[in-house]
Every structure is written in C-alpha cells, then in structure tokens.
Amino acid sequence: MELTGAEITVRCLAEEGVEYVFGYPGGAVLNIYDAIYQQDKFKHVLVRHEQAAVHAADGYARATGRTGVALVTSGPGATNAVTGIATAYMDSIPLVIISGQVPTPAIGMDAFQEVDTVGITRPCVKHNFLVKDIRDLANTFKKAFYIAATGRPGPVLVDIPKDITQFTTEFSYPKKVSLRSYNPVTKGHSGQIKRAVQMLLEAKRPMIYAGGGVILSDAAPQLTELARLLGFPCTNTLMGLGGFPASDPLSVGMLGMHGTYEANMAVQHSDVLVAIGARFDDRVIGSPEHFYQEERKIIHIDIDPSSISKRVRVDVPIVGNVPEVLAEMIKLIKASKERPDQAALKTWLTQIELWRSRDCLKYDRHSDIIKPQFVLEKLHEITRGDAFITSDVGQHQMWAAQFYKFDKPRRWINSGGLGTMGFGLPAAMGVQLAHPGAMVACVTGEGSIQMNIQELATCKQFNIPLKIILLNNRYLGMVRQWQEFFYGERYAESYMDTLPDFVKLAEAYGHAGRRIDNPAEVEDALKWAFSAEMKEKLVFLDFRTDQSENVYPMIPGGKGLSEMILV
Amino acid sequence: MKHIISLLMENEAGALSRVAGLFSARGYNIESLTVAPTEDATLSRMTIVTRGPDEVIEQITKQLNKLIDVVKLVDLSEAGHIERELMLVKVLAEGEWREEMKRMSDIFRGRIIDVTDKTYTIEMTGAGHKLDAFLDALDKNAILETVRTGASGIGRGDRILKS
Ligand SMILES: Cc1cc2nc3c(=O)[nH]c(=O)nc-3n(C[C@H](O)[C@H](O)[C@H](O)COP(=O)(O)OP(=O)(O)OC[C@H]3O[C@@H](n4cnc5c(N)ncnc54)[C@H](O)[C@@H]3O)c2cc1C
Ligand SMILES: Cc1ncc(C[n+]2csc(CCOP(=O)(O)OP(=O)(O)O)c2C)c(N)n1
Ligand SMILES: [Mg+2]
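Thresholds applied
Residues numbered from 1 in each chain as written. Chains lettered and ligands numbered in written order. Predicted model: local features only at pLDDT ≥ 70, side-chain atom pairs only at ≥ 80, totals over all residues. Heavy atoms only, no water. Helix = DSSP H or I, 4+ residues; strand = E, 2+ residues; numbered from the N terminus. Buried < 20%, exposed > 50% of the residue type's maximum accessible area, 1.4 Å probe, protein only. Areas by Shrake-Rupley, 256 points an atom, 1.4 Å probe, with all protein chains shown as cover. Lys, Arg positive; Asp, Glu negative; His and termini not counted. Charge placed at Lys NZ, Arg CZ, Asp CG, Glu CD. Rg over C-alpha atoms; globule rule 2.2 N^0.38 Å. Contact = heavy atoms within 4.5 Å. Donors = N, O, S within 2.8 Å, 3.2 Å for Na, K, Ca; no water. Tetrahedral: all angles 85-135°; square planar, octahedral: opposite > 155°, others 65-115°. Near = heavy atom within 4 Å. Polar contact = N/O pair within 3.5 Å; in protein donor to acceptor, adjacent residues only side chain to side chain. Pairing = 2+ DSSP bridges. Axes fitted to C-alpha atoms, helices over the stretch in contact; angles between N-to-C directions. Core = buried A, V, L, I, M, F, W, Y, C linked by side-chain atoms within 4.5 Å. Buried area = accessible area lost by both parts, 1.4 Å probe. Salt bridge = Lys/Arg side-chain N within 4 Å of Asp/Glu carboxyl O. Parallel < 35°, antiparallel > 145°, perpendicular 65-115°, else oblique. Left-handed = near helix turned anticlockwise from the far one by under 90°.

A word on the overall build of chain B
Line of reasoning, step 1. Secondary structure assignment for chain B yields four helices and nine strands.
Line of reasoning, step 2. Ordering the α and β elements of chain B from the N terminus gives β-α-β-β-α-β-β-α-β-β-α-β-β.
Line of reasoning, step 3. For chain B, the C-alpha atoms occupy an extent of roughly 55 × 35 × 30 Å along the three principal directions.
Line of reasoning, step 4. The burial tally for chain B puts 44% of its 163 residues in the buried class.
Line of reasoning, step 5. Here chain B has roughly 8,600 Å² of accessible surface; of this, 52% comes from carbon and sulfur atoms.
Line of reasoning, step 6. Charge separation in chain B, taken as the distance between the mean sites of 22 positive and 26 negative side-chain charges, equals 2 Å.

So this is what it looks like as structure tokens:
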C-alpha cells in the first residue's frame, strides 16, 4: 500500500521507537500533524516556542541516552529552533529535528515562510538533509537516526518540503543502514592502549580528567572501576559531572574556570594526565601556554579524531569509544603484575588533600541573607542527591555544578558549550517526561527563566510536575561578576529592576509558588516543593538571594589553571 | 607550508557548501578549490590548496574527514604527486609587444588560442608556481585579464584515491 510522505514520517518515528515528539505546527507541516493526529505510537508535546521544542528533546536525550525528536514548521519555526540545535551540537547531543519546507517548486522563489534551513543550520548540525524525492524519505530517516546517535553524537536535521509530505510511495523501513562515507571508530588501537596502560602504571602523580564523553557513552561504571582499581584521583568537567561519583574520596570535583582549587592544582601538577571524553575546552584549561608542562604526559581517549590535538598536543592519542577502551585498559591492568608506585601515589594524594583543605567553596553560613550555595546544599540534602537537575546559564549554574554533588550520570543537565540561557525549563520538561516519577528540578536565574518562561503553559497542559529553583539575585549575576572584577564595577545593563512577581506569574499559569526571603525558610520551602502533597504539581520557588555573591574560585580569561582567584 | 588536499565526496546537493563553510567557519586559509564529477557519477572529486602550520593542516584534514559526505581524503603533498593548473591570460599584443608575447609564450610552453590585432589569449598549464613565474615574467602593463582554474592534483605512480 502506498503511504503519503506525512504518513511515512510518522511511521519512521514509530519504527525508531520514538516516545515523544516535541513540536509546534505551521503551514508546511500540516500534513505531518494530520498524520500525527491519526496515530497512537508516540505522544506529541505542544511547546510554546520552537526553541523550547528542541531543548525539551535535548533534555529528554541527555536524561535517557536516546535520540530526542523535535518537529517545527518552515521559516520562523526553523529559525526559532536554531538556538536549540546549536546548543545540542556544542554538547554532542543526539537529536533528529524535522522541519517543514515550502513545496519543492517554490524553493528559491522567496516563497511564504521560506528560509534556507539546510544552509542556516549547516554549521550547527552533525548533518542535515533536504528530502527532494519521496522515495528517499524513509531511508533519510534511517540515516538521520543512525548518524545522530553513533560516533560523536549530534543533532541531525531533516528538511521536508510540503509536497513531499503529500506525495505517496510504497513504504518499507530499511532494517540496516551503511554509509561508505561514515564509519565511526569504536575500538581503540591496541598498541596505543598498551602504551597508555604502561604510562599509567609508571605514573607518580596521575590524574584522570573525565568529560561529557563518559556520560554520552554511558561509561561511568568503567571509569569508576578504572579509577578505583588504580587508586587514581579523578576530576570531571562541567559536562562530565556524575561520570565519577562526587562522594568518592578520589573525586576532586570539577576543574576549570570555576573548578575547585584541588582539581585545578592537581591537573596542573600531575605527571600523567588521562583525558577521557573531554576536549580541553578553553573554560577548562585556560591558556594552552600556561597549561603546557614539559614533563607531563597526556593520554587522550576520544571518539572524534578532531578533538585530539586540537588545543593541546597529546602523547598517546586513542581514538575510540570510551567504555570499550576503558574495558580494554582494565583488562590489561588486571592481567599485569605491575602496580603504580604506592609510596609516590600516597604522597600525591596527601598533596591533593592539602589543596582540598584550602576549602575553596567556603561561603558565609551565618549570613542573614539567603546564600545561593546554601539553597543548593539544602536541595541536595532534601532530594537525597537523587534528583535530575537542569540549569540555565550564569552563576546559579556554576553553584549548582559545585554544590549538588552528582553521584550518578545523566543527572546533571545543562548547556555547557553554547551556554544557552533559556535551556533549563524546557530541558527539565523533557527530563520529567522521560522519568515521570523522578524528582526534577530546574535551577535557574531570574534572567534565564524569562527566556523561556512561556513553557510554564506547556507544563500545565502536560502535567509536568517539575520544581523551579529560582536563585533570584536581581542581577544578570555572571555578567555583574565580570563587571565587578574586570570592568571597574561599572554595572552596564546587568540589573533589571522590573521583575515580575514570579509567584503570581506561576499561579497565573496554574501552578504553585512561594517566595523565600530568609535563610530560615529555605529548608521548609524545599520540603514543601518535594512533598507528597505537591508531587503532582509544578512548584516555583523564588529564592531572594544575596545580590553581591560571586562564584569562586575563578580563573580569569586567558590565565592558567593555577592562577585562580580564591575567596 | 602549501598543501594539496584531494578528496572524494558524495555527489550530493550542498556538498560543496559544506566544505566551503567549514573553511570559513574555522578560519582556515583556502587558496583554491576545484570540484568536478568523476568516472563514478555518485562521487565528486575536490582539490583544495591550502597553507598553514602542521597542526592546522592536521585539523583541516580531520575536520574534512568528519563531514558525513566525505568518502576519502588524502594530503597529496605528503608524497609524490603531480599538480596541474590551467590558466588563460589575455595580453596586449601591439607594437613591440606582439613579438615579445609570442616569444614568452613559447618559452613557457603556452599556446596562443585567440588573436586580435591588439591582443593574444594564451593558454598555459602547469604547476601553480610555473604559472606564477610566467605572469612575473610579463610586463604588468601588458596583462589585461587572467583566469586560473586552481590546482588539480593526482598521486604519482600507483598512489590512487579510490572510494
Ligand atoms: C558560564 C559557564 C562556565 C563554565 N565553566 C566551566 C568550568 O569551570 N569547568 C568546565 O569544565 N566547564 C565549564 N564550562 C563548560 C565549557 O564551556 C565546556 O562546555 C565543557 O568544559 C566541555 O566539556 P567536555 O570537555 O567534557 O566536552 P564535551 O563538550 O562534553 O565533549 C565531549 C567529548 O567527548 C567525546 N565523545 C563523545 N562521545 C564519545 C564516546 N562514545 N567515546 C569517546 N569520546 C566521546 C567528544 O568527541 C568530545 O570531544 C562553562 C560553561 C559556561 C556556560
Ligand atoms: C541567550 C544568552 N544571552 C546572553 C548570555 C550571556 N550571559 C551569560 S550568564 C548571563 C546572566 C544570567 O543571569 P541570570 O539568569 O539571572 O543568572 P545569574 O548569573 O544571576 O545566576 C548572561 C546574560 C547567554 N549566556 N545566553
Ligand atoms: Mg540573576
């Protein structure tokens, strides 16, 4: 039987086992929406802005490891989606974005709601397709899902002209796909792995630096086993938090611009550094010149050859999939009689404890103004460290990363690479839909939350009971901090004195809210939000926090890891 | 150093813009780029001439390989190869220049392929530096127009780029 392109689209999504499609209708996708209306294989979540559709699909993907799906119309639908796509691209998140396009004969005619979506998104997708022949449609979906989820994951966009959704053809979904031009490596080079293991066994001041690649490839068990087997300390990037349990004594927390003193010092002074699914980002290593250490050896495991030796020369590059490479290393270490020099390791760990005792995350616990750090510590306590935490971008993001000690992967969901304000709330929707019974909190700022606040309506419509933890400092705090440190306290446009009453706003959308002004009320408010009584409700907590609080430690731009500003 | 990167890519709409976009987005230098179909209709062959330090060239080849449409890639300059470029030059050919231009063209093994009483059009092929040398040897005032194709390259001997 012949199916229309719209029906084929829906069937392809069902074949891929898609559970949720996040989207927003419009002219070019009306046929697809009509086909969605007539199916029951997946649910469609109507967002209130296309950017949120992509972030929600992205949150879903980060929390599950499965490919997220978004659907938008042509023209403004597609351009609204671009920020979401770029966000996913920078953090290597597997997504398939379907965009409607004007009918093929109208392409290039400046037709109504026409934009060159494939051209606009080209630099921020892993790959994209314009489907010009209905006979290619099913195969294109197969390829799109395959490319999005394999190798270094990323968003793939499929642009479908409206006439293609009307035409008909025989449908059969390909069982397999193979692309002669795309064969991601998974198994690491065994010679290189042997060299790396030898280097690890001879290390005197070893350090593991683990990134988002560990989360993306579900390699937390292998990473944890390796670190514990060798007794090596481990730091995680912002994207890698939860890849190694923060509560493990070998964890030194996050490194980088707002990383801990102990993590940054240990990385800088190590003699063997193993980078695992991490990309030596400028927010992580600061200036490459300062970072460079003549005598330090670097092992780098990454599935993307272009991540290796991009910013930093490495001694042992291993191109491969993290869990496979680590399993191979663990096997070799277990088979070897050699063990690292225990005396040297002990001295090294003692040194690290000394750095740790600097207590770089300390803050005033007796303040009568709410300290944001205190809210996050309480959040951790009340959710027993078991919540999914999404965040927006700014100071609150850094505090959440520092103070919510993540023991499990896929619990910390934030925009690291693009740093997209407005990510937190829609991403939390995707997370909550993926894990209906779980505690999901969006830690946000009063600047960020306003970038996608309209999604409170989506949460109402789909009964998404997430909790919003607003650390309201009445400032674009991260901007204010830079202005305080580097711009002579000239606070240009970082203050907004016309904030809405967030509690009333939440109520207007049909949710519950509370404003919290005193430290003494913090615990009670959080307990209320996560109580059985509020389990089915979205709760918006507006914490009035200290306006002048800064994120420490901080490495100023262009400086090196050991040049931190400390509190 | 100058590198000649030769690649085979899927003959898909937009493939060229992916390569061109990559170079501009990442700030890589691009001296010339040529693209044309091959004996296999599903593939196009592209030759890119670029310059940069070794680390940058390494990134360029890695980033190109990462493009989903790129099937195979080789940096021809890493081993024996042949480089050729076609150039058409229109020069003034009046008075004393008429004889001079003919002589120069012969020396550089060019061919005069169009003649008017005021101009010659010379066709010349060779490696880029030979074409440069020819232009340098001409009186600047006599050059009316130059058109160059950009380099094409192929490996020497049995060095073959196949999908
Ligand atoms: C306000 C702000 C402040 C920030 N401050 C910090 C900071 O202090 N510290 C910090 O760490 N970051 C910070 N960031 C985030 C920073 O910008 C980067 O996003 C982040 O450091 C990158 O993390 P990553 O190196 O783990 O790489 P990711 O972006 O997570 O990349 C993952 C890497 O793993 C590889 N990979 C993927 N899958 C696999 C696989 N299966 N096998 C092997 N490899 C794989 C990929 O190729 C890639 O190289 C900040 C961001 C913002 C917005
Ligand atoms: C879309 C977008 N615009 C601008 C920025 C630049 N920016 C980074 S942090 C920040 C301030 C965020 O303010 P708020 O959400 O209140 O968080 P706070 O830093 O106060 O915790 C800004 C404007 C950004 N990251 N994203
Ligand atoms: Mg703020």
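Once the structure has been displayed, the description carries forward.
A short note on the overall build of chain A
Line of reasoning, step 1. A tally of helices and strands in chain A yields 23 helices and 20 strands.
Line of reasoning, step 2. Taking 24 Å as the expected radius of gyration for a compact globule of 567 residues, we find that chain A reaches 24 Å, a close match to that expectation.
Line of reasoning, step 3. Counted over contacts in chain A with a minimum sequence separation of 6, partners at least 24 positions apart contribute 77%.
Line of reasoning, step 4. Total accessible area on chain A stands at roughly 21,700 Å², and carbon and sulfur atoms take up 52% of it.

Structural notes on the coordination of the magnesium ion (ligand 3)
Residues and elements named next belong to chain A.
Line of reasoning, step 1. Those protein atoms acting as donors to the magnesium ion (ligand 3) are Glu446 (OE), Glu446 (OE), Asn473 (OD1) and Tyr475 (O), and they sit at 2.0 to 2.5 Å.
Line of reasoning, step 2. The coordination sphere of the magnesium ion (ligand 3) comprises six donor atoms, whose angles at the metal cover 51 to 177°; the geometry is irregular.
Line of reasoning, step 3. Look at where the donors of the magnesium ion (ligand 3) fall in the sequence and you get E-x26-N-x1-Y. In this pair, Glu446 sits in helix α19 (residues 446-449) while Tyr475 sits in the loop between β18 (467-472) and α21 (477-486), placing the two residues 29 residues apart along the sequence. Each member of the pair, Glu446 as well as Tyr475, is classed as buried.

Observations concerning the site of ligand 1
All names here are of chain A.
Line of reasoning, step 1. Inspection of the region around ligand 1 gives 36 residues, with Gly212, Thr237, Arg279, Asp302 and Asn321 positioned closest.
Line of reasoning, step 2. For ligand 1, an oxygen atom lies 3.3 Å from a polar atom in the side chain of Arg152.
Line of reasoning, step 3. Within the side chain of Asp302, a nitrogen or oxygen atom sits 2.6 Å from an oxygen atom of ligand 1.
Line of reasoning, step 4. Computed on the free molecule, ligand 1 has an accessible area of 990 Å², of which 97% lies beneath the protein chains in the complex.

Digging into the sheet that holds strand β7 (residues 155-161) of chain A
Residues and elements named next belong to chain A.
Line of reasoning, step 1. Strand order in this open sheet of six strands is β3-β2-β4-β5-β7-β6, and the pairing throughout is parallel. Of all the strands in the sheet, the pair left with one neighbour each is β3 (43-46) and β6 (127-130). Averaged over all neighbouring strand pairs, the angle between strand axes comes to 20°, with direction disregarded.
Line of reasoning, step 2. Across four bridges, β6 lies against β7 in parallel orientation. Looking at the pairing, His127 lines up with Val156 of β7.
Line of reasoning, step 3. Along the sheet, helix α3 (residues 50-64) makes contact with β2 (20-23), β4 (68-72) and β5 (95-101), crossing β4 at roughly 170°.

Notes on the site of ligand 2
Residues and elements named next belong to chain A.
Line of reasoning, step 1. Contacts to ligand 2 come from 17 residues, most closely from Gln395, His396, Gly419, Ser448 and Gly477.
Line of reasoning, step 2. At 3.0 Å from an oxygen atom of ligand 2 is found a main-chain nitrogen or oxygen belonging to Gly447.
Line of reasoning, step 3. At 2.9 Å, a side-chain N or O of Asn473 approaches an oxygen atom of ligand 2.
Line of reasoning, step 4. Going through the elements one at a time, α17 (395-403), α19 and α21 are the ones with two or more residues in the shell around ligand 2.

Some remarks on the nonpolar core
Line of reasoning, step 1. If you look at the biggest cluster of nonpolar residues, it comprises 99 residues, and the most contacted ones within it are Phe280, Met329, Ile469, Leu541 and Phe543 of chain A.
Line of reasoning, step 2. Listed in part, the 50 residues of the second largest apolar core include Val54, Ile97, Phe423 and Cys459 of chain A.

Side note on the interface of chain B and chain A
Line of reasoning, step 1. Between chain B and chain A, the residue contacts involve 20 residues of the former and 18 residues of the latter.
Line of reasoning, step 2. At the boundary of chain B with chain A, total buried surface from both sides reaches about 1,500 Å², with 44% on carbon and sulfur atoms.
Line of reasoning, step 3. Counting every contact that joins chain B to chain A gives three salt bridges.
Line of reasoning, step 4. The salt bridge involving Arg180 of chain A is made with Glu10 of chain B; its shortest N-O contact spans 2.7 Å.
Line of reasoning, step 5. Connecting chain B to chain A are twelve residue pairs in polar contact (both at pLDDT 80 or more).

Notes on the pattern of salt bridges
All names here are of chain A.
Line of reasoning, step 1. Taken as a whole and assessed by the stated rule, the structure comprises 36 salt bridges over all chains.
Line of reasoning, step 2. The residue Arg410 makes a salt bridge to Asp218 at a minimum N-O spacing of 2.9 Å. Taken as a pair, Arg410 in the loop between α17 and β16 (412-413) and Asp218 in the loop between α9 (212-216) and α10 (220-230) lie far apart in primary sequence, 192 residues in all.
Line of reasoning, step 3. Residue classification places Arg410 among the buried positions, given a relative accessible area of 10%.
Line of reasoning, step 4. Accessibility expressed as a relative area gives 46% for Asp218, which makes it partly exposed.
Line of reasoning, step 5. One network of salt bridges, with partners in common, ties together Lys378, Glu381, Glu523 and Lys527.

Here's the deal with the side chain of Asn452 of chain A
Residues and elements named next belong to chain A.
Line of reasoning, step 1. Tracing the chain through its elements places Asn452 in the loop between α19 and α20 (455-461).
Line of reasoning, step 2. Owing to a relative accessible area of 2%, Asn452 belongs among the buried residues under this scheme.
Line of reasoning, step 3. At 2.7 Å, the side chain of Asn452 and the backbone oxygen of Gly422 are in polar contact.
Line of reasoning, step 4. Once you skip the residues sitting within four places of it in the chain, Asn452 turns out to touch His49, Gln51, Ala52, His55, Gly422, Leu425 and Pro426.

Quick word on the sheet that holds strand β2 (residues 32-37) of chain B
Residue and element names in this part refer to chain B.
Line of reasoning, step 1. Overall, antiparallel pairing links the four strands, which are arranged β2-β3-β1-β4 in an open sheet. Strands with a single pairing partner mark the edges of an open sheet, and in this sheet they are β2 and β4 (70-75). When the angles between neighbouring strand axes are averaged without regard to direction, this sheet yields 15°.
Line of reasoning, step 2. Sheet topology places strand β1 (residues 2-10) next to β4; five bridges connect them, and they run antiparallel. Of the residues in β4, the one forming a bridge with Ser6 is Val74.
Line of reasoning, step 3. Across the sheet, helix α1 (residues 15-25) is in contact with β1, β2 and β3 (43-51); its angle to β3 comes to roughly 15°.

Considering the packing of α3 of chain A against helix α18 (residues 424-434) of chain A
All names here are of chain A.
Line of reasoning, step 1. One can describe the packing of α3 onto α18 by two numbers: an axis separation of 6 Å at closest approach and a directional angle of 45°. Taken together, α3 and α18 sit at an angle that is classed as oblique. The two elements α3 and α18 cross, and the hand of that crossing is right-handed. Residues Ala52, His55, Ala56, Gly59, Tyr60, Ala63 and Thr64 of α3 form the contact with α18, whose own contacting residues are Pro426, Ala427, Met429, Gly430, Val431 and Ala434.

Geometry only, nothing functional implied.
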